[in-house]
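Listed below are the residues making up each chain.
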Amino acid sequence: MNAMYDLGDLWLFLTGKLGELLAWLGVPFAGVVAFVIEKSVYAGALLVFISLTALWMIWMERKVSAHMQLRYGPMWTGGWHGWSQTIADMIKLLLKEDVIPEKADRWVHRLAPIVIFVPSLIGFLVIPFEKNLIGADLDVGILLIFGFSSIAVLSIFMGGWSSNNKYSLMGGLRSAAQMVSYEIPLVLSVLGVIMTVGSLKMSEIVNAQAGGWFLFSPHLFGFILYIVAGTAEVNRTPFDIPEAESELVSGYNTEYSGLKYGFFMLSEFTNTFIISAVAATFFMGGWLAPKWLPLPGIVVFLLKTYLIVYLLMWFRWTFPRLRVDRLMDFGWKVLLPLSFLNIFIAGIWVLLKK
Amino acid sequence: MKENPIITTDNCAEFEEMTLNMGPQHPSTHGVFHLLLKMNGETITYARPDIGYLHRGMEKLAEKRTYQANIAMSDRWDYIAAMSNNFAAVLGPEKLMKVQVPKRAEYIRVIMAELNRIASHLIFFGTYGIDIGAFTPFFYAFRDREKILDLFESVSGARLTFNYFRIGGVAQDLPADFIANTKEFIRFFRPKLKEYDTLLSQNVIFRDRTVGVGAVSAEEAVNWAWSGPNLRGSGVNFDIRKDDTYSVYSEFDFAVPTGANGDCWDRYMVRMKEMYESTVIIEQALAKIPEGEIMAKVPRVIKPPAGEIYIRIEAPKGDLGVYLISDGSVNPYRMKVRGPSFVNVAILQKILKGWKIADVVAVLGSLDIVLGEVDR
């Protein structure tokens, strides 16, 4: 890979120079200060990236759904294909009255959107956008993502409970049941890859795929399971029963308005991005691109991620919704045994490769 | 897996019932329809349909209006199948006055009623997709319904409330290109029916949601006075167009699709097949339509002789009946409308018990009610 192209190398170069500069200036604890500055800048850049991702994905969802439904989608706002539609949406959400139902549990009601949004931000920390472009390349990388994404269920339940609305309550109860039961196959489905690589570290998982994507190996089975469980984990159709517009009006976020609703919506998209990014990392070789493709690693990574995002959007606009008890049946009686089978297959694969 | 579990005090020692008012403002009650549900968790233990939010006093209003004005009123009963309502509104006075409607007008009426049946079933198809959670079929249905509305616009000038039928005929003759356009539409529409099947009907999740859900036996369906596609979905082969024929329906050769189990899937499929049969009828009518008058000789002031009459037609939703009492004046003395949606919706209190809240939407959607007709 060409160093000129790589954003990660540039980042490494700049942070290295920053350390040298601070040392040269004689700043006390130069190493610590450089570390703090580096991570703060990265975190800031990540926040900007997340906002832009959410904006882009909302627009993309509108466009993808519109084209599947023989519509144009937004065409006017901003001129070219309604590119600024989501910005207008966000401004609208900002200007909306922030309604808290009279009988609501006010603090829990206020807290819920924050509780759902923060974990999805933390998930971004360990996503390997590129070699050297990982917020924190932790040894427990993937575990951190799954661990924090399970907090989302708490928030949805908080939102559903505190709204003092029967539809919200049922949405909250449903999501508690659904997300807890789909978390298990989700984690088990990536276990095959982890067994092969022997590490939970995101960068090592990507590097292990230098010889070929895990998608084109027996891990394909794990990939399919992961996509199914992942769709359920982010509550998108056909598993969007916590929201279930035609039954529960809007489920747990029925009573939310304005920016708080915006946070729920935003986190749905960031969670979708994280699920897709993990799929790209685990099964599609992350930032790795063929030698003949002179693209920066981050672009390759984003392309792969958005391929999965598109897949999830495709699901959403073509499938009907499962019923809640059938969903649980499917999770426990089909998906869970299959993910055990997946581990078995992966185990044989690991043995054979030795 | 698909049985209808019955909750008794034995198998559920202690539970608190939750009362949920589904509607009148709810995205999938198809209008202002209120369903009072009592639930144990997600399972329905008690259901009561509550209607009347869209009551406009149509029957009382009819007593103060002339027979012609009542045709315009009839557009608003079942506002997505206004042609069929027109049909029911004109048949009564015509029979009382013993008007001989010209053949051409009869054919035009049949074509319009069948086109309207397709349009009405298309709305059912689209909204039922949304009820089950698939949004996309809705847009496909409306794309094709638009073409039917264009045809209606070309003959009547309106796209929803047509006011096209007259006592003794129809308002205007067909425009010159109508027959060609309708043939073109049928050519366009028939492949679309297969598209709908691939899009929704054969979807695994859709079948999982509808097969076996909300089953109504043939006996039950008859006892609850069901009619139309709902009745035929339960396996009763009864179609007024065949069994109590009116207008020129006896001259056409078409099949009456029926279901087997009377579940949501059967009711859905009956409607999908009926759309095809409607195209068959329209095709025959277009081929055989005679030239001639479109209006019988009727007096300017319609004053049917005193007497009473009950007529019924096969509307898209079912058996649409009109009971008319004339006292010999220009206004009907009484005009009772038997709306099929009104009769079909009553069974909800019986069949919803034991199903989940998601099934409530599936069953309600499969009945294909229009609140304008339920409440009138």
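Numbering of residues starts from 1 in every chain and runs along the sequence as written. A letter from A marks each chain and a number from 1 marks each ligand, given out in the order of writing. Note on the predicted model: pLDDT of at least 70 is required for a residue's local features to be given, and 80 or more for side-chain atom pairs to be given and counted; whole-chain, interface and lining totals, by contrast, use all residues.

**What to know about the overall build of chain A**
The test is simple: A run of H or I in DSSP counts as a helix once it spans at least four residues, and a run of E counts as a strand once it spans at least two, with each numbered from the N terminus. What the globule rule says is 2.2 Å times the number of residues to the power 0.38, and the radius of gyration is computed from C-alpha atoms. Buried residues are those with 20 or more other C-beta atoms within 10 Å of their own C-beta, exposed residues have 12 or fewer, and partly exposed residues lie in between; C-beta atoms are placed from the backbone. What counts as a contact here is a pair of residues whose C-beta atoms, placed from the backbone, lie within 7 Å.
For chain A, the count of helices and strands is 13 helices and zero strands. Each helix and strand of chain A, ordered N terminal to C terminal, gives the series α-α-α-α-α-α-α-α-α-α-α-α-α. Computed over its C-alpha atoms, the radius of gyration of chain A comes to 21 Å, within 12% of the 20 Å expected for a compact globule of 354 residues. Projected onto its principal axes, the C-alpha coordinates of chain A cover approximately 60 × 55 × 40 Å. Of all 354 residues assigned to chain A, the portion counted as buried reaches 44%. Taking the contacts inside chain A whose residues are at least 6 apart along the sequence as the reference set, 78% of them involve residues at least 24 apart.

**What to know about the overall build of chain B**
Assigned secondary structure in chain B consists of 15 helices and eight strands. In terms of overall dimensions, chain B is globule-like: its C-alpha atoms have a radius of gyration of 21 Å, near the 21 Å expected for 376 residues. Within the span of chain B, comprising 376 residues, buried residues form 51% of the whole. By sequence separation, contacts in chain B at least 24 residues apart represent 71% of the contacts at least 6 residues apart.

**Description of the interface of chain A and chain B**
Where interface size is given, it is often the accessible area lost as the parts come together that is meant. Heads up, the condition is: We call Asp, Glu, Lys and Arg charged. Ala, Val, Leu, Ile, Met, Phe, Trp, Tyr, Cys and Pro are nonpolar, and the rest, Gly among them, are polar.
Facing 22 residues of chain A, the contacting portion of chain B comprises 26 residues. Sorting the residues of the side of chain A that touches chain B by element identifies α7 (166-197), α10 (245-248), α12 (297-318) and α13 (324-353) of chain A as the ones contributing at least two each. Classifying every residue of the side of chain A that touches chain B gives ten nonpolar, four polar and eight charged.

**A few points about the pairing of strand β2 (residues 34-40) of chain B**
Each regular strand shows side chains that alternate between the opposite faces of the sheet. Residues and elements named next belong to chain B. Stated formally: Here a strand pair is declared whenever DSSP counts at least two bridges between the two strands.
Burial of the side chains of β2 is restricted to one face: Leu35, Leu37 and Met39 are buried, whereas none of His34, Leu36, Lys38 and Asn40 on the reverse face is. Bridging between strand β1 (residues 18-22) and β2 involves five bridges; their strand directions are antiparallel. From the neighbouring strand, Asn21 faces β2, where its bridge partner is Leu36. Direction of pairing for β2 relative to strand β3 (residues 43-50): antiparallel, over a ladder of seven bridges. From the neighbouring strand, His34 faces β3, where its bridge partner is Asp50. Taking the residues between adjacent antiparallel strands as the criterion, β2 and β3 are bridged by two residues, where Gly41 takes a positive phi near 65°.

**What about helix α14 (residues 357-367) of chain B?**
All names here are of chain B. Here α14 lies mainly inside the structure; eleven of its eleven residues are buried. Those residues of α14 lying buried are Ile357, Ala358, Asp359, Val360, Val361, Ala362, Val363, Leu364, Gly365, Ser366 and Leu367. Just past α14, the residue Asp368 takes up positive phi, approximately 55°.

**Notes on the nonpolar core**
Operational definition: Nonpolar core, as used here: buried Ala, Val, Leu, Ile, Met, Phe, Trp, Tyr and Cys residues forming one set through C-beta atoms within 7 Å.
Core analysis: the largest hydrophobic core is formed by 181 residues, its most contacted members being Ala279 of chain A together with Val360 and Val363 of chain B. Setting aside chain neighbours within four positions, we find Ala279 of chain A in contact with Tyr226, Ile227, Gly230, Met284 and Ile308 of chain A.

**Overview of the environment of Ile145 of chain A**
Residues and elements named next belong to chain A. Position of Ile145 among the secondary structure elements: in helix α5 (residues 141-149). Classification of Ile145 by C-beta neighbours within 10 Å gives buried; the count is 25. Between the C-alpha atom of Ile145 and that of Phe124, which follows or precedes it by 21 residues, the distance is 8.1 Å. Discounting chain neighbours no more than four positions away, the residues touching Ile145 are Gly123, Val126, Ile274 and Val278.

**Comments concerning the packing of helix α11 (residues 258-283) of chain A against α12 of chain A**
Residue and element names in this part refer to chain A. Note the following rule: Here, axes are lines fitted to C-alpha atoms. For helices the fit covers the stretch in contact, and angles between N-to-C directions go from 0 to 180 degrees. Here the angle decides the label: under 35 degrees means roughly parallel, over 145 means roughly antiparallel, 65 to 115 means roughly perpendicular, and every other value means oblique. Crossing handedness is defined as follows: a turn of the near helix away from the far one that is anticlockwise and smaller than a right angle gives a left-handed crossing, while the clockwise case is right-handed.
α12 packs onto α11 with a crossing angle of 120° between their chain directions and a minimal axis gap of 8 Å. In terms of orientation, α11 and α12 fall into the oblique class. Helix-helix and strand crossings are classified by hand; for α11 and α12 the assignment is right-handed. Across from Thr272, Phe273, Ser276, Ala277, Ala279 and Ala280 in α11, the residues of α12 making contact are Phe301, Lys304, Thr305, Ile308, Val309 and Leu312. When grouped by side-chain class, the residues that make up the contact of α11 with α12 number eight nonpolar, three polar and one charged.

**Describing the sheet that holds β1 of chain B**
Residue and element names in this part refer to chain B. Taking strand neighbours across the sheet as the criterion, the three strands line up as β1-β2-β3 in an open arrangement whose pairing is antiparallel. Edge positions in the sheet fall to β1 and β3, since each has one partner strand and no second. Across the sheet, the axes of successive neighbouring strands diverge by a mean angle of 20°, strand direction being ignored. Its contacts with the sheet place α14 against β1, β2 and β3, and it is angled at close to 150° to β2.

**Comments concerning the packing of helix α2 (residues 30-68) of chain A against α12 of chain A**
Residues and elements named next belong to chain A. One can describe the packing of α2 onto α12 by two numbers: an axis separation of 10 Å at closest approach and a directional angle of 50°. Taken together, the axes of α2 and α12 lie oblique to each other. The chirality of how α2 crosses α12 is right-handed. For the pair α2 and α12, the contacting residues are Met57, Glu61, Val64, Ser65 and Met68 in the first and Val309, Tyr310, Met313 and Trp317 in the second. Class assignment for the residues of the contact of α2 with α12 results in seven nonpolar, one polar and one charged.

**Remarks on helix α6 (residues 178-201) of chain B**
Turning to α6 of chain B, its buried residues number three or more, namely Thr182, Tyr196 and Leu200 of chain B. The inward-facing, buried residues of α6 of chain B abut α4 (103-132), α5 (136-156), α7 (204-210) and α11 (264-288) of chain B.

**Remarks on the sheet that holds strand β8 (residues 332-338) of chain B**
All names here are of chain B. The strand order β6-β7-β8 describes an open sheet built from three strands, whose pairing is antiparallel. The sheet terminates laterally at β6 (307-315) and β8, the two strands that pair on one side only. The sheet shows a mean angle of 15° between the axes of neighbouring strands, taken without regard to direction. For β6 and strand β7 (residues 318-326), the ladder comprises nine bridges, and the chain directions are antiparallel. Opposite Ile311, over in β7, you have Val322 as the bridge partner. Contacting β6 and β7, helix α3 (residues 82-97) crosses the sheet at an angle of about 150° to β6.

**Overview of the confidence of the model for chain B**
Filter applied, for reference: pLDDT expresses how confident the predictor is about each individual residue, on a scale running from 0 to 100.
Scored by pLDDT, chain B has a mean of 86; 96% of the residues are at 70 or more. Model confidence for the complex: the whole-complex pTM is 0.83, and ipTM, which rates the interface, is 0.77.

**Regarding the environment of Val190 of chain A**
All names here are of chain A. One can find Val190 in helix α7. Take Val190: there are 30 C-beta atoms within 10 Å of it, and that puts it in the buried class. Through-space distance from the C-alpha of Val190 to that of Ala279 is 8.9 Å; in sequence the pair is 89 residues apart. In contact with Val190, not counting residues within four places along its chain, are Ile142, Gly222, Tyr226 and Phe282.

**Here's the deal with unusual backbone geometry**
Backbone geometry at His81 of chain A places phi at a positive 50°, although glycine is not the residue there. Looking at where His81 of chain A falls in the secondary structure, it is placed in the loop between α2 and α3 (85-95). For Ala225 of chain B, which is not glycine, the phi torsion reads 60° and is therefore positive. Mapped onto the elements of the fold, Ala225 of chain B is located in the loop between α8 (218-223) and α9 (228-233). Note on Ala225 of chain B: 15 C-beta atoms within 10 Å, which makes it partly exposed.

**Describing the environment of Arg106 of chain A**
Residue and element names in this part refer to chain A. With respect to the secondary-structure elements, Arg106 resides in helix α4 (residues 106-125). C-beta crowding within 10 Å serves as the criterion here: with 12 such atoms nearby, Arg106 is assigned to the exposed category. With 95 residues separating them in the primary sequence, Arg106 and Lys201 have C-alpha atoms 40 Å apart.

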